[in-house]
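Take a look at the letters that make up each chain.
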Amino acid sequence: MSDFDLVIRGGTAVTAADIGPFDIGVSDGVIVAIGERLPRGREEVEARGLLVLPGGVDSHVHLDQPFSSGADIADGFDSGTASAAAGGTTTVVCHAPQVRGGSLAVAVAAYAEKAKQARIDHAFHLLVNDPTPQVLEHELPALVEAGHRSVKIFMTYDSNRLGDAQILQTLAAARSAGALVCVHAEHHELIGWLTQALLAAGLTAPRHLAWAKPMVVEREATHRILALAEALDTPIQIFHVSGAQSGEEVARAQARGQKAWAETCTQYLVLDEADMDRPGFEGAKFMISPALRSVADREALWQFLRNGVIDIVSSDHSPLRYDDPRGKKQHGETAPFNKIPNGVPGLAARLPILYSEGVAKGRIDLRRFVDLVATNPARRFGLAPCKGAIAVGADADIVLFDPERRVELTNALQHHGSDYTPYEGMTVQGYPTATYQRGRLVFDGEHVLAQPGDGRLLARGPYAEIAPTGHFPTPFDPFR
Ligand SMILES: [Zn+2]
């Protein structure tokens, strides 16, 4: 009788240690052997000609969460995690949103109830919208202890944003509790001022979103949050770096020895501001926050991926329907840019696009690709060693990926709840042909086989990556 429930045989495996022709042996949902010519398993999968990769970890996803604009999000956990599986992603980190004036703990409990529909494994960022003493001193430490080891804060949006004093209190509380703070960094008042000036000048088209949110808006806020985090010696993760100037701020913080990290998202690597200028209302399909930038910014982001300043690529999956009065057309097709909800879907497209534009086009190598989409997000968010790598003892979350297959991206291939993809018609080279979670086939190349409820809520313990450095601007340690 075989020791293995499953052997994936003959592919080119990207393991934690090596890249080579290794067979992967799986028992009880866990990788138990990596080697050449493993004995037969009860189930045998032929992977010749395919890459064998760790399942993608998408550390910035929005599912079943209210939009600040009041529009309806197009994906709950059911459809959203189907989309993940169809794109080779086996773990998502979503946002459990506190309502202003309400309890964070109650919000997390309600969100966990919604997440019971998830088809794949998932974890939560604690989205702190109202950092009251009750939340910071009592609820947050208990939630972190219960396994929710990341906090999300916003510096903009009326219903989300925290002022600098609140940010400092939240950074301090997260540091003490042992959670990583993730930030949406944009200068709120500057966006508001520019928006009013643009509307007064009659500049109201979708593309003018980029004029209301120019790079300086993001650069200033990125600099500010990095400075606050530095002063409190609090590790920080900058979400959706969209261009050169905010990436340079992160690079400077890293050069100072700060535990400052950053992600960018698929859309900033392949789309640009010209997409918001498509005819009619089509530009609304590309309205996101931060806004799409210039071609030069796009190229700068690829350079940050190569030199490691940015070491995670997420989707920031924020799905809206396009042709829908509860979606992009909430205020009709003639709405000014500030009345059109922001966000694009992208869970399923993340791996194919980053592989095609990155590895197939020679911008990054295969190892860096795997680091960006799986290994680094798993490590950064306390999901390693179970997630993010092909290694003995890790969960058997595995993607078989055909590096030669050419696919024209369509909305149907995304398996999500939105009625469009911003990548419609884009041809990619390289595509997932099968996705496994804990040794079970969850996507067969055509159909999502995982069912609602199959996914597990992952509890995260303390981990070294986000331990503070112990360095403060002066000899004074305010936490002692
Ligand atoms: Zn987001």
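Residues numbered from 1 in each chain as written. Predicted model: local features only at pLDDT ≥ 70, side-chain atom pairs only at ≥ 80, totals over all residues. Heavy atoms only, no water.

Undergrad: Would you mind showing me how to read the layout of surface pockets here?
TA: If a probe as big as a water molecule is rolled over the atoms, it shows which places are left empty. Approximately 1100 Å³ is the volume attributed to the largest pocket. If you go around the largest pocket, you meet 46 residues; those closest to its centre are Ser-68, Ser-69, Tyr-157, Asn-160 and Asn-342. It is helix α5 (residues 188–200) that contributes the most residues to the lining of the largest pocket, four residues altogether. Per-class residue counts for the lining of the largest pocket are 17 nonpolar, 23 polar and six charged. What the second largest pocket holds in volume is close to 190 Å³. Around the second largest pocket, the lining comprises 13 residues; the ones closest to its centre are Glu-230, Gly-257, Gln-258, Thr-469 and His-471. Per-class residue counts for the lining of the second largest pocket are four nonpolar, five polar and four charged. (1 Å grid on protein atoms, 1.4 Å probe; cavity = no way out; pocket = protein on both sides within 12 Å on 5 of 7 lines; lining within 4 Å. Points joined across faces, edges and corners; volume = space filled by probe spheres on them. Helix = DSSP H or I, 4+ residues; strand = E, 2+ residues; numbered from the N terminus. Nonpolar A, V, L, I, M, F, W, Y, C, P; charged D, E, K, R; others polar.)

Undergrad: Help me out: how do you make sense of the environment of Ala-244 in this one?
TA: Here Ala-244 lies in helix α8 (residues 244–255). Distance from Ala-244 to Met-215, taken between C-alpha atoms, is 8.6 Å for residues 29 residues apart in sequence. Residues within four places of Ala-244 in sequence aside, it is in contact with Met-215, Asp-297, Ala-300 and Phe-304. (Contact = heavy atoms within 4.5 Å.)

Undergrad: How should the packing of helix α4 (residues 164–177) against helix α7 (residues 215–231) be read in this particular structure?
TA: To describe two helices that pack against each other, one gives the angle between their axes and the distance between the axes. Contact pair α4 / α7: the axes reach a minimum separation of 10 Å and the direction vectors enclose 45°. It follows from the interaxial angle that α4 and α7 lie oblique. Note on packing geometry: the crossing formed by α4 with α7 is right-handed. Taking contact as the criterion, the partners of Asp-164, Ile-167, Leu-168 and Leu-171 in α4 are, on α7, Arg-224, Ile-225, Leu-228 and Ala-229. Its residues assigned to classes, the contact of α4 with α7 shows six nonpolar, no polar and two charged. (Axes fitted to C-alpha atoms, helices over the stretch in contact; angles between N-to-C directions. Parallel < 35°, antiparallel > 145°, perpendicular 65-115°, else oblique. Left-handed = near helix turned anticlockwise from the far one by under 90°.)

Undergrad: Teacher, can you tell me more about the nonpolar core here?
TA: Considering soluble globular proteins, one finds that nonpolar side chains tend to be buried as a cluster. Grouped together as the largest cluster of nonpolar side chains are 111 residues, with contacts concentrated most on Leu-53, Val-151, Ile-153, Ile-225, Ile-236, Leu-354 and Phe-369. Not counting residues within four places of it along the chain, the set of residues in contact with Leu-354 comprises Leu-269, Trp-302, Leu-305, Val-313, Val-359, Ile-364, Phe-369, Leu-372 and Val-373. In terms of nonpolar packing, the next biggest core, distinct from the first, is built from 17 residues, Ile-8, Ala-13, Val-52 and Leu-400 among them. (Core = buried A, V, L, I, M, F, W, Y, C linked by side-chain atoms within 4.5 Å. Buried < 20%, exposed > 50% of the residue type's maximum accessible area, 1.4 Å probe, protein only.)

Undergrad: How do you make sense of the pairing of strand β1 (residues 6–9) when you look at a structure like this?
TA: Residues in a regular strand point their side chains to alternate faces of the sheet. In β1, alternate side chains face the same way, and those of Leu-6 and Ile-8 on one face and Val-7 and Arg-9 on the other are all buried. Sheet topology note: the β1/strand β6 (residues 43–46) ladder contains four bridges and is parallel. From the neighbouring strand, Leu-6 faces β6, where its bridge partner is Glu-43. Pairing analysis gives three bridges linking β1 to strand β4 (residues 23–27), with the strands arranged antiparallel. Residue pairing across strands places Ile-8 opposite Ile-24, the latter belonging to β4. (Pairing = 2+ DSSP bridges.)

Undergrad: What is the right way to look at the coordination of the zinc ion in this model?
TA: Around the zinc ion, the protein contributes the donor atoms His-60 (NE2), His-62 (NE2) and Asp-316 (OD), at 2.0 to 2.2 Å from the metal centre. Mapped onto the polypeptide sequence, the residues donating to the zinc ion form the spacing pattern H-x1-H-x253-D. A residue pair is termed long-range when its members are at least 10 positions apart, and His-62 in the loop between β8 (56–58) and α1 (77–86) and Asp-316 in the loop between β15 (312–314) and α11 (350–360) qualify at 254 residues. You'll find His-62 and Asp-316 in the same group, each marked buried. (Donors = N, O, S within 2.8 Å, 3.2 Å for Na, K, Ca; no water.)

Undergrad: What should I look at first to understand the environment of Leu-38 in this one?
TA: If you trace the backbone, Leu-38 turns up in the loop between β5 (30–35) and β6. Once the C-alpha coordinates of Leu-38 and Ala-251 are considered, the two residues, 213 residues apart in sequence, prove to be 44 Å apart. Dropping the residues within four chain positions of it, Leu-38 is found in contact with Phe-4, Val-7, Arg-9, Asp-23, Ile-24, Gly-25 and Ala-33.

Undergrad: Just to check I follow, could you spell out unusual backbone geometry for this structure?
TA: Excluding glycine, residues mostly carry a negative phi; peptide bonds, for their part, are mostly trans. Of note, the bond from Ser-289 into Pro-290 is cis; its omega dihedral lies within 30 degrees of zero at -5°. Take Pro-290: it is sitting in the loop between α9 (266–270) and α10 (295–307). Geometrically, the link from Ala-384 to Pro-385 is a cis peptide bond, its omega value of 0° lying close to zero. With respect to the helices and strands, the residue Pro-385 is situated in the loop between α12 (366–380) and β16 (398–408). Backbone geometry places Asp-233, a non-glycine residue, at a positive phi of 50°. Judged by its relative accessible area of 6%, Asp-233 is buried.

Note that every value here comes from positions in space, so none of it alone points to a role or purpose.
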